[in-house]
Amino acid sequence: MSQVIALVDDDRNILTSVSIALQAEGFVTRVYSDGATALKAFGDNPPDLAVFDIKMPQMDGMELLRRVREMGGAIGAMPVIFLTSKDDELDEALGLAMGADDYISKPFSQRLLIARIRAILRRQELERGAAEPNEDDPEEPLIERGRLVMDSARHKVLWDGKDVTLTVTEFLILEALAQRPGVVKSRNQLLDIAYQDDVYVDDRTIDSHIKRVRRKFRSVDPEFDAIETLYGVGYKFGEE
């Protein structure tokens, strides 16, 4: 059965274009132009994942997410990706703290959005034990670098055995650095990994992602310093 994606945005052009792109990938879509209508529909028939615009009149994406999480059960656990028209760290921090699964700034690549939707749905299936191992498609090995453990198949990150929750973009950046400790990756190289399309993204966006990754690791280990900055060059994961 096709998975259902709900799109909530007051921009009709985005609803139409993203819905067409998702349907071409085999998803079923439901579109809503305001949060109140979407919330009522979720109560009757929740989707597998929802994409919320943050900046909407009357009920914005933050309030919609808060009410969804309060509903509990299958609806409350529904994965949510935020869309926003600006790179606002405060909005992102609040959204992720409230339980958003990822966060994408406009203008965005539809291919990137679809990749993140697939990654989140696959991770959810694995967490539920719904995905069976395939002998013809073995899982990728764990990345273990000192106190860091990364499981790409399950989108899981551990530091000293403690869970660190990263967005898909943050995971891809950290994975690129951790795969080759000591090797410097430029901002442009990391952009190519995290944003796999022709959409324009300023290279300083990587600085913001690195800052958030460090903050998340320091929430479980205040002394975390494994990601090193080489000013004017890029970033590297510290060698053992």
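Residues numbered from 1 in each chain as written. Predicted model: local features only at pLDDT ≥ 70, side-chain atom pairs only at ≥ 80, totals over all residues. Heavy atoms only, no water.

1. Focus: the environment of V220
So, step 1. Within the element layout of this structure, V220 appears in the loop between helix 9 (204-218) and strand 10 (227-230).
So, step 2. For the pair V220 and V164, spaced 56 residues apart in sequence, the C-alpha separation works out to 7.7 Å.
So, step 3. Dropping the residues within four chain positions of it, V220 is found in contact with W159, K162, D163 and V164. (Helix = DSSP H or I, 4+ residues; strand = E, 2+ residues; numbered from the N terminus. Contact = heavy atoms within 4.5 Å.)

2. What to know about the pattern of salt bridges
So, step 1. Enumeration over the complete set of coordinates arrives at 13 salt bridges.
So, step 2. For D163, the salt bridge is made with K156, and the minimal N-O distance between the two is 2.8 Å.
So, step 3. Residue class for K156 comes out partly exposed when judged on its relative accessible area of 38%.
So, step 4. Ionic pairing is found between K216 and E170, a salt bridge with its closest N-O pair at 2.6 Å. Highlighted residues: K216 in helix 9 and E170 in helix 7 (residues 168-179), separated in sequence by 46 residues. Like K216, the residue E170 is buried in the burial classification.
So, step 5. A cluster of three or more residues bridged by salt bridges with shared partners is formed by E63, R66, R67 and E70. (Salt bridge = Lys/Arg side-chain N within 4 Å of Asp/Glu carboxyl O. Buried < 20%, exposed > 50% of the residue type's maximum accessible area, 1.4 Å probe, protein only.)

3. Observations concerning the pairing of strand 3 (residues 49-53)
One face of the sheet, then the other: side chains in a regular strand alternate in exactly this way.
So, step 1. Along strand 3, five of the five residues are buried, which leaves the element largely enclosed by surrounding structure.
So, step 2. What you see with strand 3 is no split at all: L49, V51 and D53 on one side and A50 and F52 on the other are buried throughout.
So, step 3. Here strand 1 (residues 4-8) pairs with strand 3 via four bridges, running parallel. Paired with L7 across the strands is V51, a residue of strand 3.
So, step 4. In the sheet, strand 3 pairs with strand 4 (residues 80-84) via four bridges, with the strands oriented parallel. Each bridged residue has a counterpart across the sheet, and for A50 the counterpart in strand 4 is V80. (Pairing = 2+ DSSP bridges.)

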